Amino acid sequence: MTDLIDSQLTGRPETAPAKPDCVVCGHVPAAEVTFYRHVGLVLYVRFNRIQGPFCRDCGLAKMRDATAETITSGLWSPVSFVLAPLALIRNLIGRRTVLALDKPVPRPGQPESNLAPLLPTRPVFHRFKSWFAPAVLAAVIAFVALADLPSAEKLDVVGGCVKFDRVLHFDSADFVRCEGDHDAVITSIENTWQDCPGPYVEKLYHYYCLEPAPGAGPLINVP
């Protein structure tokens, strides 16, 4: 007898739990779903949950707004590379849940609510700001990648070449590729000018000892 449930004792069938109403408009059907909004701005990081239950229209509107904000302002901190994709994936799962619901209607047998389901908002990628942030991020990545080209920092090695600015009477010198026009070749890099047996170029407290390139004129020191 102790194992009998109340419905068996009273002879009344169990009643199924009531389906939830939409937390925004009070309509049905609604589903328990959570959307995520991530904001990552350098040192400021926020990860919010937008919890239902939501009907189809309200859930879709909430999902689009949360996803658009995540794309716009959730890509600018180191942890965003983990949290932003996580938020987007969870939102896509929630989107599938609410789109499977029927059209929202007032609950039968109850007074009609003064609230209406949220109007459809613009799809995420129909919004300018949803494209702006990824475009800026892509431009920054492209700039960094293109900046990783041979430069003065990679040319100031033994065997590298130097081009003098003859217009300014050898007042400046630049490290250049030896395949191009140049005036001198770096023979060694020293910490003091006394260690260079001949002409030198000084850059950032390093002394680049030089010898003339074939066919170049006499060299002078460029401190």
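Residues numbered from 1 in each chain as written. Predicted model: local features only at pLDDT ≥ 70, side-chain atom pairs only at ≥ 80, totals over all residues. Heavy atoms only, no water.

## Thoughts on the overall build of the chain
Okay, so step 1: Across its full length, the chain holds five helices and seven strands.
Okay, so step 2: Reading the chain from its N end, one meets helices and strands in the order α-β-β-α-α-α-α-β-β-β-β-β.
Okay, so step 3: Looking at the chain as a whole, 31% of its 223 residues qualify as buried.
Okay, so step 4: Taking contacts inside the chain between residues at least 6 apart in sequence as the whole, the part at least 24 apart equals 58%.
Okay, so step 5: When the accessible surface of the chain is summed, it comes to about 14600 Å², and 62% of that surface belongs to carbon and sulfur atoms. (Helix = DSSP H or I, 4+ residues; strand = E, 2+ residues; numbered from the N terminus. Buried < 20%, exposed > 50% of the residue type's maximum accessible area, 1.4 Å probe, protein only. Contact = heavy atoms within 4.5 Å. Areas by Shrake-Rupley, 256 points an atom, 1.4 Å probe, with all protein chains shown as cover.)

## Description of the nonpolar core
Okay, so step 1: Residues Cys22, Phe35, Phe54 and Cys58 are the most contacted members of the largest nonpolar core, which totals 13 residues.
Okay, so step 2: No other element matches the four residues that helix α2 (residues 56-73) contributes to this core.
Okay, so step 3: Among all residues touching phenylalanine 54, those that are not within four sequence positions of it are Cys22, Val23, Val24, Pro29, Ala30, Ala31, Val33, Phe35, Gly59, Lys62 and Leu101.
Okay, so step 4: The next biggest cluster of nonpolar side chains, apart from the first, holds eleven residues, and it includes Ala173, Ala184, Val201 and Tyr208. (Core = buried A, V, L, I, M, F, W, Y, C linked by side-chain atoms within 4.5 Å.)

## A few points about the sheet that holds strand β5 (residues 184-190)
Okay, so step 1: In space, the five strands of this open sheet follow the order β4-β3-β5-β7-β6, with antiparallel pairing throughout. Taken across any chain shown, the strands that pair with only one partner, and hence form the sheet edges, are β4 (173-176) and β6 (200-203). For this sheet, the mean angle separating the axes of adjacent strands, direction not counted, is 40°.
Okay, so step 2: As paired strands, β6 and strand β7 (residues 206-212) are joined by four bridges and run antiparallel to one another. Within β7, the residue paired with tyrosine 200 across the bridge is cysteine 209. (Pairing = 2+ DSSP bridges. Axes fitted to C-alpha atoms, helices over the stretch in contact; angles between N-to-C directions.)

## Examining the state of the cysteines
Okay, so step 1: On inspection of all chains with the given rule, the structure shows two disulfides.
Okay, so step 2: Sulfur-sulfur distance for the disulfide between cysteine 161 and cysteine 178 comes to 1.9 Å. Disulfide cysteine 161-cysteine 178: torsion about the S-S bond near 105°, hence right-handed. Placement of the pair is cysteine 161 in strand β3 (residues 161-164) and cysteine 178 in the loop between β4 and β5, with a sequence separation of 17 residues. (Disulfide = S-S within 2.5 Å.)

## What about the pattern of salt bridges?
Okay, so step 1: Under the definition given, this model contains seven salt bridges.
Okay, so step 2: For arginine 107, the salt bridge is made with aspartate 21, and the minimal N-O distance between the two is 2.6 Å. One end of the pair, arginine 107, is in the loop between α3 (80-99) and α4 (128-147); the other, aspartate 21, is in the loop between α1 (6-10) and β1 (34-41), with 86 residues separating them in the sequence.
Okay, so step 3: Measuring nitrogen to oxygen at the nearest pair gives 3.2 Å for the salt bridge that ties arginine 127 to aspartate 65. Of this pair, arginine 127 sits in the loop between α3 and α4 while aspartate 65 sits in helix α2; the two residues are 62 residues apart in sequence, bridging distant segments of the chain.
Okay, so step 4: Counted as one network, the salt bridges with shared partners bring together Arg37, Arg46 and Glu69. (Salt bridge = Lys/Arg side-chain N within 4 Å of Asp/Glu carboxyl O.)

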